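Residue-level structural notes
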Amino acid sequence: MNYETMEKIKITPRVQHLRDMLFEKMPQIEADRAVIVTESYKETENFPIIKRRSHAFRSIMEKLPITIREGELIVGSNTKMPRSCQTYPEYSFEWLEAELDTVETRSADPFYIAEDTKKTLKEVHKYWKGRTTSDLATSYMAPEALKAIEHNIFTTGNYFYNGVGHLCVQYDKVLAIGYLGIKKEAEEQLKKVDVACSYYAARRSFLEAVIESCDAAIIYANRYADLAEEMAKSESGERREELLQIARNCRKVPANGAESFYEACQSFWFVQMLIQTEGSGHSISPGRFDTYMYPYFKKDYEAGKITLEFAQELVDCIWIKLNDLNKVRDAVSAEGFAGYSLFQNLIVGGQTPDGKDSTNELSYICLNATLHILLPQPSISIRVWNGSPTELLIMAAHVTRTGVGLPAYYNDEVIIPSMLSRGVSLEDARNYCIIGCVEPQAPGKTDGWHDAAFFNMLRPLELVFSNGKSKGEQISIKTGEIDSLDTYEKFFKAFGLQLKYGLYSDYGMHKDVLQDLVMFHSSE
């Protein structure tokens, strides 16, 4: 496989049409999920919190409007309109309510919102006053931390307003055994829980929530099967057959394990989209897509059941769907993350658990999909080591030369040893993926969330000049009036003290991970 081979496989009119549809209208804010989740939480106020979540997820899967867009081969959308978004009042809502009349005209990532949607959301929001995760997080913060946020020393940013995300789940497990298989595992574990154990109630609630969530995902897929069958009745020819195949796929997966590459593509997409629908985090990262999807491609390709061209079109369709997902952020965060980006990191190449090169045909197909779609999602990356085929590097270079800023290149020969030094096993280190921006993780096993706040490094410097005051208020320690800091050494020491205070002394941060910063040595 090489670039010359892939160059002959052009973007299809179908994919081009789906891409064009993403930009026909401004992205919209829809209120369906907010209404459904609020109704669910009202019904379950006496439930354990994890059961409230699973009940809400099931309600969303049962009631959220569904649509199959014109010409789609891979289906599943959490909004009626392309590239639009739902809202998540259980996390926060005050910022959105304050921006309802400006979100459409702001410079970064504007969203259209209808007047009736505004009214619906305002009504929904009444229930969540004092009940959101942001309210809970605020209650845990020390007064000094809240003061620091107020004075722009640090910000929790969009983590405060939406789900955290930053994970790569076991896509391969869903592809292999489906949600019915996972449900069976949970049911077997539930039978083993000892009522005499101290964790019985929590464990039982967790497993029951897993079972309910698996059922919910299956219900959702079957709704799409029903819709595809209904739409097929009014179609003829090729599109009718496509819709009937979509229906068969959705009856099969993600309830059961996938057998064909087409089924695997559809199952993958349901997993990806439903995680986003449940929590609205960003950096929900597909990880080593070319590795866990390859067995399904290889089986079909070698049996003559799929061509390179159709496999490419299916992957292109997934790339379209990844760009169809969206979320609304507050105005400040939107400026920081402009481009409607969700940082869904998908990585190709690298090594097998026994240290052999893992590059395969899908590695090239994924890079070619990025050349076809030329949009931000997925945040495609490539693993490079001394066993990487030259042809793969050339293919990646062709993507780089387009100027889209992709792919990102990651060096196995640096990252794998660094993960080993942190206690990760050699097999897991060789299997690493990237989550979000640059976070190497063992997929399905470790949490890719590496930051809880964004610290403003210039504020401690400003506080040196003001002796710890901001807007006339003493918000930090006193390090001396500026005219007393008459040498660089005195100034640098004052900066180190302000920095220490801002990062961990009284703002509730952890000093153990900050000891090696050079600025801290100035205040010893």
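Read on for an overview of the structure. All of these numbers come straight from a predicted model, not from anything done at the bench.

1. Some details on unusual backbone geometry
Cis geometry marks the peptide bond from Val253 to Pro254; its omega dihedral reads 5°. For Pro254, the location among the structural elements is in the loop between α11 (237-252) and α12 (261-279). The omega torsion of the bond from Gln377 to Pro378 falls at 0°, within 30 degrees of zero and hence cis. Examined against the element boundaries, Pro378 turns out to sit in the loop between α17 (361-373) and β5 (379-384). Within the chain, Asp109 stands out as a residue other than glycine whose phi angle is a positive 50°. Along the chain, the position of Asp109 falls in the loop between α5 (94-99) and α6 (115-128). On the accessibility criterion, Asp109 (7% relative accessible area) is buried. The residue Asn152 is not glycine, and still its phi comes out positive at about 60°. For Asn152, the location among the structural elements is in the loop between α8 (143-150) and β1 (154-155).

2. Considerations on helix α19 (residues 412-421)
All of the buried residues in α19 are Asp412, Ile415, Ile416 and Met419. All buried residues of α19 lie within an arc of 95° about the axis, which places them on one face of the element. Within α19, the exposed residues directed more than 90 degrees away from the buried face are Val414 and Ser421. Backbone geometry just downstream of α19 places Gly423 in the positive-phi region, at approximately 95°.

3. Focus on the nonpolar core
Counting 116 residues, the largest nonpolar core has Ile29, Phe261, Phe289, Met293 and Trp319 as its most contacted members. Among residues more than four places away in sequence, those in contact with Phe289 are Phe268, Val315, Ile318, Trp319, Leu346, Ile347 and Cys366.

How each quantity is defined
- Residues numbered from 1 in each chain as written.
- Predicted model: local features only at pLDDT ≥ 70, side-chain atom pairs only at ≥ 80, totals over all residues.
- Heavy atoms only, no water.
- Helix = DSSP H or I, 4+ residues; strand = E, 2+ residues; numbered from the N terminus.
- Buried < 20%, exposed > 50% of the residue type's maximum accessible area, 1.4 Å probe, protein only.
- Arc of directions from axis to C-beta.
- Core = buried A, V, L, I, M, F, W, Y, C linked by side-chain atoms within 4.5 Å.
- Contact = heavy atoms within 4.5 Å.

Limitation: the analysis is restricted to geometry and does not speak to function.
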